[in-house]
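# Working through the structure, step by step
Chain by chain, the residues:
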Amino acid sequence: MSKSISLPFIIVSALLMGLSQQPIHLGWVAWFSIVPFIFVLNQLEYLLDFVKAGFIWGIVYNLIVIFWLAMNIGTTPLIGFISMIAAVLYCSLNAVTISLIMGIIKSRYSQHWFWLLPFVWTSVEYIRNMDILTGGPWTAIANTQLDFITLVQNAEVTGIYGITLWLILLNVSIFN
């Protein structure tokens, strides 16, 4: 993994997606924020590099989205900070899983692997939200679209996973 090119792209992608979460009202940024991450994944060859890229993306994204855990008024600041770091590291495993699966898919389908990203991302998010111990819905990509009432109405039919699927599909389309 070329650190001079990859690391800034991963950080920018995660930063943009994190900033698109509430309450800043930048949900439209999610429409293109995964593109730099896809660009990096497209450059990678080894599964370990996919894991590293996913872990870095997951840490940056989750730090932005669940930073508030450190400010939990029900505990001491040290315990709040430790619990936030633990939650960030744990939730980052979702991005690692997505990246690893995409690395395996890319090794088999090197030309059009990225078209499967929306389905992999949505599936991992769905599985993660099945149990409260696996991250919960706090970090769901669909949460970025809460300001767009007309768009979010689709969740009535597809659930939040349909919104996630369309967001990632839009990013893949822009990448392509």
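Because the structure is a prediction, the values reported are computed rather than measured.

### Details of the nonpolar core
By size, the foremost hydrophobic cluster in this structure holds 40 residues, and its most contacted members are I34, F37, I38, W57, L117 and W121. At the level of secondary structure, the elements contributing two or more residues to this core comprise helix 1 (3–19), helix 2 (35–43), helix 3 (47–65), helix 4 (77–108), helix 5 (117–128) and helix 8 (160–175). The element contributing the most residues to this core is helix 4, with 8 residues.

### Here's the deal with helix 5
A rise of 1.5 Å per residue sets the reference length of helix 5, with its 12 residues, at 16 Å; its end C-alpha atoms lie 16 Å apart and thus fit the reference within 8%. Regarding helix 5, the residues found buried are L117, P118, V120, W121, T122, V124, E125 and R128.

### A few points about unusual backbone geometry
A negative phi angle characterises most non-glycine residues, just as the trans form characterises most peptide bonds. We note that H25 has phi near 65 degrees; this positive angle belongs to a residue other than glycine. In this structure, H25 sits in the loop between helix 1 and helix 2. Judged by relative accessible area, which is 47%, H25 ranks as partly exposed.

### Digging into the environment of N171
Mapped onto the fold, N171 is located in helix 8. Not counting chain neighbours up to four residues away, the residues in contact with N171 comprise A30, W31, F32, S33, I34, V35 and I38.

### Let's talk about the packing of helix 4 against helix 5
Contact geometry for helix 4 and helix 5: axes closest at 10 Å, N-to-C directions at 145 degrees. The two elements helix 4 and helix 5 meet at a crossing, and its hand is right-handed. The segment helix 4 lies against helix 5, with N94, T97, I98, I101, M102 and I105 engaging L117, V120, W121, V124 and R128. Its residues placed into classes, the contact of helix 4 with helix 5 shows 8 nonpolar, 2 polar and 1 charged.

About the thresholds
Residues numbered from 1 in each chain as written. Predicted model: local features only at pLDDT ≥ 70, side-chain atom pairs only at ≥ 80, totals over all residues. Heavy atoms only, no water. Core = buried A, V, L, I, M, F, W, Y, C linked by side-chain atoms within 4.5 Å. Buried < 20%, exposed > 50% of the residue type's maximum accessible area, 1.4 Å probe, protein only. Helix = DSSP H or I, 4+ residues; strand = E, 2+ residues; numbered from the N terminus. Expected span 1.5 Å × (residues − 1). Contact = heavy atoms within 4.5 Å. Axes fitted to C-alpha atoms, helices over the stretch in contact; angles between N-to-C directions. Left-handed = near helix turned anticlockwise from the far one by under 90°. Nonpolar A, V, L, I, M, F, W, Y, C, P; charged D, E, K, R; others polar.

All we've got here are geometric facts, nothing functional implied.
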